[in-house]
Amino acid sequence: MAKKRYTINSACPQCGCSGAQVLSEEEMTRRYGHVANFDMECGECMLKYTEEMENACPEWDQECRLKE
Ligand SMILES: [Zn+2]
């Protein structure tokens with residue numbers, strides 16, 4: 001069975017620069033854990049902002065809810 005991949009889509013509220021990361025379940029757990037919100041840092045303007053998991057990666061958000 002192929003490993004499931006999760007895509008996180010984020011957009012900087014200041015400069016609008018957006019990015020996507022594709023991570024495996026292990027990487028998601030290690031990097032973000034089961035959280036509703038997580039911190040991002042924009043690669044362009046270095047702004048630190050909070051992204052909602054529900055918006056950034058609905059699939060992972062679903063996983064988090066199942067694990068509650
Ligand atoms: Zn930015």
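Everything numeric here is computed off the predicted structure, so don't read it as measured data. (Residues numbered from 1 in each chain as written. Predicted model: local features only at pLDDT ≥ 70, side-chain atom pairs only at ≥ 80, totals over all residues. Heavy atoms only, no water.)

Novice: I would appreciate a short explanation of the coordination of the zinc ion in the present structure.
Specialist: Around a metal, the perfect tetrahedron of four donors has angles of 109.5 degrees, and the perfect octahedron of six donors has angles of 90 or 180 degrees. Looking at the zinc ion, one finds its protein donor set to be C12 (SG), C15 (SG), C42 (SG) and C45 (SG), positioned 2.3 Å from the metal centre. Angles of 105 to 117 degrees at the metal separate the four donor atoms of the zinc ion, which places the site in the tetrahedral class. Positions of the donor residues of the zinc ion, expressed as sequence spacing, correspond to C-x2-C-x26-C-x2-C. Taking the relative accessible area as the measure of exposure, C12 reaches 4% and is therefore buried. A relative accessible area of 40% places C15 in the partly exposed class. (Donors = N, O, S within 2.8 Å, 3.2 Å for Na, K, Ca; no water. Tetrahedral: all angles 85-135°; square planar, octahedral: opposite > 155°, others 65-115°. Buried < 20%, exposed > 50% of the residue type's maximum accessible area, 1.4 Å probe, protein only.)

Novice: Help me out: how do you make sense of the pairing of strand β4 (residues 48–52) in this one?
Specialist: Both faces of the sheet carry side chains from a regular strand, because those side chains alternate between them. Only one face of β4 is buried, namely the one carrying Y49 and E51, since none of K48, T50 and E52 on the opposite face is buried. With five bridges joining them, strand β3 (residues 37–41) and β4 adopt antiparallel strand pairing. When the sheet's bridge partners are listed, E41 is paired in β4 with K48. (Helix = DSSP H or I, 4+ residues; strand = E, 2+ residues; numbered from the N terminus. Pairing = 2+ DSSP bridges.)

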